[in-house]
Amino acid sequence: MREPWKPQETPEEQAIRREAHQRLADAVRRAGHPLERLGQLLSQVAQNEAETRRFLAEEVYGVPNDLLDDLVRVHLADNDHQDD
């Protein structure tokens, strides 16, 4: 299975992701499923994430996708300050 590392990840982040991937692969094998099924499920998760980001950026916040993370952080920080 292809490891979908992002080029901007640090070696530590890559190691953490690799370990998590290995735990998932081990769990899939123990459950008696082929690794291809894990690949299909992870692809579906990635597609769901992309569609959710597109929906939030375009339909909810009306911002470009590359600003979505910053916007959500600001909203969450504002909510935290309002709760205090």
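Quick look at the structure, then.

What counts and what doesn't
- Residues numbered from 1 in each chain as written.
- Predicted model: local features only at pLDDT ≥ 70, side-chain atom pairs only at ≥ 80, totals over all residues.
- Heavy atoms only, no water.
- Salt bridge = Lys/Arg side-chain N within 4 Å of Asp/Glu carboxyl O.
- Helix = DSSP H or I, 4+ residues; strand = E, 2+ residues; numbered from the N terminus.
- Buried < 20%, exposed > 50% of the residue type's maximum accessible area, 1.4 Å probe, protein only.
- Axes fitted to C-alpha atoms, helices over the stretch in contact; angles between N-to-C directions.
- Parallel < 35°, antiparallel > 145°, perpendicular 65-115°, else oblique.
- Left-handed = near helix turned anticlockwise from the far one by under 90°.
- Contact = heavy atoms within 4.5 Å.
- Nonpolar A, V, L, I, M, F, W, Y, C, P; charged D, E, K, R; others polar.
- Polar contact = N/O pair within 3.5 Å; in protein donor to acceptor, adjacent residues only side chain to side chain.
- Expected span 1.5 Å × (residues − 1).

According to the stated counting rule, one finds 6 salt bridges in the structure shown. Among the salt bridges present, the one from R54 reaches E51, with a minimum N-O distance of 2.6 Å. With R54 and E51 both in helix α2 (residues 35-61), this residue pair falls 3 residues apart, about one helical turn. The class for R54 is partly exposed, based on a relative accessible area of 30%. For E51, a relative accessible area of 40% gives the class partly exposed. A salt bridge links R54 to E58, with the shortest nitrogen-to-oxygen separation between them at 2.8 Å. In this pair, R54 and E58 both sit in helix α2, 4 residues apart, roughly one turn of the helix. Bridged by salt links that share partners, the residues E51, R54 and E58 form one connected network.

Two numbers describe how helix α1 (residues 11-30) lies on α2: the axes approach to 9 Å, and their chain directions differ by 125°. When the interaxial angle is binned, α1 and α2 end up oblique. Seen from above, α1 lies across α2 with right-handed handedness. Of the residues in α2, those in contact with H21, L24, A25, V28 and R29 of α1 are L35, L38 and L42. Among the residues forming the contact of α1 with α2, the class breakdown is 6 nonpolar, 1 polar and 1 charged.

Mapped onto the fold, E9 is located in the segment before α1. For E9, a relative accessible area of 12% corresponds to the buried category. Within the local environment of E9, its side chain forms a polar contact with the side chain of R17, the two groups lying 2.7 Å apart. Apart from residues lying up to four places away in sequence, E9 is in contact with Q14 and R17.

Under the 1.5 Å per step criterion, the end-to-end length of α1 is 28 Å for 20 residues, consistent within 8% with the ideal 28 Å. In this structure, the buried residues of α1 make contact with α2. A positive phi of about 85° marks G32, the residue just after α1.

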